[in-house]
Amino acid sequence: MSADLEEKTDRYERMLADALAAAEPRPPADTPLGEAAADVVEMAESYLDDGRHFREDGDPVNALASYSYGYGWLDAGVRLGLFAVPDDTELFTT
């Protein structure tokens, strides 16, 4: 069981980090939608940082939850059209 949790936590950390690197905000930064995109990025980055903190503290369950929430924020932003993503990626549910 713990090996499955470790593998899944590793995978979700990579997915979130890769998704953050791949997503490019579409709206201009000085518009309400641009501000919304910046908020989504801030939330996803915060969850990535939180997850890494939880892992360092030996709490893989909360680390996995943090990575999952961060990924959910970013994926929702992609679905709302706030971000451009590469066509050849399977990171998002577009």
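Scroll up to find the structure.
Structural notes, computed from the coordinates. These figures come from a predicted structure and were not determined experimentally.

### A look at the nonpolar core
Step number 1: Leu16, Ala19, Leu20, Leu74, Phe83, Leu91 and Phe92 are the most contacted members of the largest nonpolar core, which totals 18 residues.
Step number 2: Looking at this core, the elements that each hand over two or more residues are α1 (2-22), α2 (32-56) and α3 (60-79).
Step number 3: The element best represented in this core is α3, accounting for five residues.
Step number 4: Beyond its immediate stretch of four places on either side in the chain, Leu91 contacts Met15, Asp18, Ala19, Ala22, Tyr71 and Asp75.

### Comments concerning the packing of α2 against α3
When two helices pack together, their arrangement is given by the angle between the helix axes and the distance between those axes.
Step number 1: Closest axis-to-axis distance for the α2/α3 pair is 8 Å, and the angle between their directions is 170°. Relative to α3, α2 is oriented roughly antiparallel. Between α2 and α3 lies a crossing of left-handed hand. The segment α2 lies against α3, with Val40, Met43, Ala44, Tyr47, Leu48, Asp50, Gly51, Arg52, Phe54 and Arg55 engaging Asn62, Ala63, Ser66, Tyr67, Tyr69, Gly70, Trp73 and Leu74.

### Describing α2
Step number 1: Taking 1.5 Å per residue as the helical rise, α2 with its 25 residues ought to reach 36 Å, and the 36 Å between its terminal C-alpha atoms agrees with that figure.
Step number 2: Within α2, the full set of buried residues consists of Gly34, Ala37, Val40, Ala44, Leu48 and Gly51.
Step number 3: Downstream of α2 by one or two residues, Gly58 has phi in the positive range, about 75°.

### Focus: α3
Step number 1: A rise of 1.5 Å per residue sets the reference length of α3, with its 20 residues, at 28 Å; its end C-alpha atoms lie 28 Å apart and thus fit the reference within 8%.
Step number 2: All of the buried residues along α3 are Ala63, Leu64, Ser66, Tyr67, Gly70, Tyr71, Leu74, Asp75, Gly77 and Val78. All buried residues of α3 lie within an arc of 160° about the axis, which places them on one face of the element. In α3, those exposed residues whose orientation departs by more than 90 degrees from the buried face are Val61, Tyr69 and Arg79.
Step number 3: Gly81 sits one or two residues past α3 and shows a positive phi near 90°.

Cut-off values and rules
Residues numbered from 1 in each chain as written. Predicted model: local features only at pLDDT ≥ 70, side-chain atom pairs only at ≥ 80, totals over all residues. Heavy atoms only, no water. Core = buried A, V, L, I, M, F, W, Y, C linked by side-chain atoms within 4.5 Å. Buried < 20%, exposed > 50% of the residue type's maximum accessible area, 1.4 Å probe, protein only. Helix = DSSP H or I, 4+ residues; strand = E, 2+ residues; numbered from the N terminus. Contact = heavy atoms within 4.5 Å. Axes fitted to C-alpha atoms, helices over the stretch in contact; angles between N-to-C directions. Parallel < 35°, antiparallel > 145°, perpendicular 65-115°, else oblique. Left-handed = near helix turned anticlockwise from the far one by under 90°. Expected span 1.5 Å × (residues − 1). Arc of directions from axis to C-beta.

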